[in-house]
Amino acid sequence: MARYVTLLGVLAITIGPLLWELATSLKSKAEDVYAATPSFVPQHPTFANYAEVARTIPVWQFATNSLIVAALCVVGNLIGATIAGFALARLKFRGRRLVFGLFLSTLVLPGEVTIISQFQTVVNLGVGNTLLGGSRCRR
């Protein structure tokens with residue numbers, strides 16, 4: 001029983017702010033979101049706030065960019081990992097164990113270690129302020 005009470009408490013802590021944000025986003029301009037005693041349920045719920053945000057900020061362009069970057073990262077990682085995995089598993093060459101050790105050693109490096117060299121590479125390639133240069137796929 002105590003486990004379920006604890007789980008309900010954690011659920012309220014994690015989901016509560018999200019529900020509060022959703023309720024606040026549905027309030028009309030006439031409602032005061034900074035009232036001393038705020039109400040959780042909007043009196044006049046409206047979706048006009050979402051349309052106004054979409055007109056003001058190019059959120060659909062941002063979402064499209066994110067989907068493009070995610071798809072390119074997944075495809076690139078699939079191709080690269082497949083080729084590297086095949087080479088390490090099937091091909092016999094001198095230094096294979098060294099290459100495998102180098103691959104494994106890079107897995108323990110945090111992303112912050114390589115970010116400066118990645119930034120310099122992107123700038124030197126001339127794609128610094130583009131969608132291609134802004135995507136940073138993790139291994």
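Structure's up top.
Here goes a summary of the coordinates provided. As a convention, each chain's residues are numbered from 1 in the sequence order in which they are written. Only residues with pLDDT of at least 70 are given local features in this predicted model, and only at 80 or more are side-chain atom pairs given and counted; all residues enter the totals for whole chains, interfaces and linings. Excluding hydrogens and water, the side-chain figures rest on all heavy atoms present in the structure.

Quick look at the overall build of the protein now. The secondary structure content of the protein amounts to 6 helices and 0 strands. The linear arrangement of helices and strands in the protein, starting from the amino end, is α-α-α-α-α-α. C-alpha atoms define the radius of gyration in this analysis, and the globule rule sets the expected value at 2.2 Å times the number of residues to the power 0.38. Radius of gyration (C-alpha) of the protein: 24 Å, far over the 14 Å computed for a compact globule of 139 residues. On the principal axes, the C-alpha backbone points of the protein span a range of 70 × 50 × 25 Å. Burial status across the protein gives 8% buried among its 139 residues. We call two residues in contact whenever any of their non-hydrogen atoms come within 4.5 Å of each other. Put simply, of all contacts in the protein between residues at least 6 apart along the chain, 29% involve residues at least 24 apart. Total accessible area computed for the protein in this model is approximately 11600 Å², and 71% of it derives from carbon and sulfur atoms. Charge counting follows a simple rule: Lys and Arg are positive, Asp and Glu are negative, and His as well as the terminal groups are ignored. Charge positions come from single atoms, namely NZ of Lys, CZ of Arg, CG of Asp or CD of Glu. Of the side chains in the protein, 12 bear a positive and 5 a negative charge, and the two mean positions are spaced by 31 Å. In this text, helices come from DSSP runs of H or I with a minimum length of four residues, and strands from runs of E with a minimum of two, each type numbered from the N-terminal end. Burial here depends on accessible area, computed with a 1.4 Å probe over protein chains only, as a share of the maximum for the residue type. Under 20% is buried, over 50% is exposed, and the range in between is partly exposed. A 1.4 Å probe and the Shrake-Rupley method give the accessible areas. Residues count as covered only by the protein chains that appear here.

A separate point is the packing of aromatic side chains. Pairing of aromatic side chains here covers Phe, Tyr and the six-membered ring of Trp, requires ring centres within 6.5 Å, and sorts the geometry by plane angle: under 30 degrees stacked, over 60 edge-to-face, intermediate tilted. In this structure the tally under the stated criterion is 2 aromatic pairs. Between Trp-20 and Phe-40, the ring centres sit 5.9 Å apart and the planes meet at 35°, which makes this aromatic pair tilted. Taken as a pair, Trp-20 in helix α1 (residues 2-25) and Phe-40 in the loop between α1 and α2 (48-56) lie far apart in primary sequence, 20 residues in all. With 6.1 Å between their ring centres and 35° between their planes, Phe-47 and Tyr-50 make a pair best called tilted. Judged by its relative accessible area of 64%, Phe-47 is exposed. Positioned above the aromatic ring of Trp-20 is the side chain of Lys-27, whose terminal nitrogen or guanidinium carbon lies 5.6 Å from the ring centre. Criterion for a charge above a ring: Arg CZ or Lys NZ at most 6 Å from the ring centre, at most 35 degrees from the ring normal.

For the rest of this paragraph, the subject is the packing of helix α3 (residues 59-90) against helix α4 (residues 96-107). Where α3 contacts α4, the two axes come as close as 10 Å, and the packing angle between them is 140°. Our classification of the angle between α3 and α4 gives oblique. Like other packed secondary-structure pairs, α3 and α4 cross with a definite hand, here left-handed. Contacts between α3 and α4 involve Ala-84, Leu-88 and Ala-89 on the former and, on the latter, Arg-96, Val-99, Phe-100 and Phe-103. Residues are grouped as follows: nonpolar covers Ala, Val, Leu, Ile, Met, Phe, Trp, Tyr, Cys and Pro; charged covers Asp, Glu, Lys and Arg; every other residue, Gly included, is treated as polar. When the residues that make up the contact of α3 with α4 are grouped by side-chain class, the tally is 6 nonpolar, no polar and 1 charged. Angular values range over 0 to 180 degrees, each being the angle between N-to-C directions of two axes fitted as lines to C-alpha atoms, with helices fitted over their stretch in contact. Here the word oblique covers every angle except those under 35 degrees (roughly parallel), over 145 (roughly antiparallel) and from 65 to 115 (roughly perpendicular). Handedness of a crossing is defined here by the sense of rotation of the near helix relative to the far one, left-handed for an anticlockwise turn of less than a right angle and right-handed for a clockwise turn.

A few words on a nonpolar patch on the surface. Residues form patches when they are more than 30% accessible in relative terms and have no salt bridge. Like charges link within 9 Å. Nonpolar side chains (Val, Leu, Ile, Met, Phe, Trp, Tyr) link within 5 Å. Basic side-chain nitrogens of Lys or Arg form a salt bridge, by our definition, when they fall within 4 Å of a carboxyl oxygen of Asp or Glu. On the surface, Leu-8, Leu-11, Ile-15, Leu-18, Leu-19, Trp-20, Leu-22, Phe-40, Val-41, Phe-47 and Tyr-50 cluster together into a nonpolar patch covering about 1100 Å² of accessible area. When residues of the nonpolar patch are assigned to their parent elements, the largest contribution, 7 residues, is made by α1. In this fold, Leu-8 is placed in helix α1.

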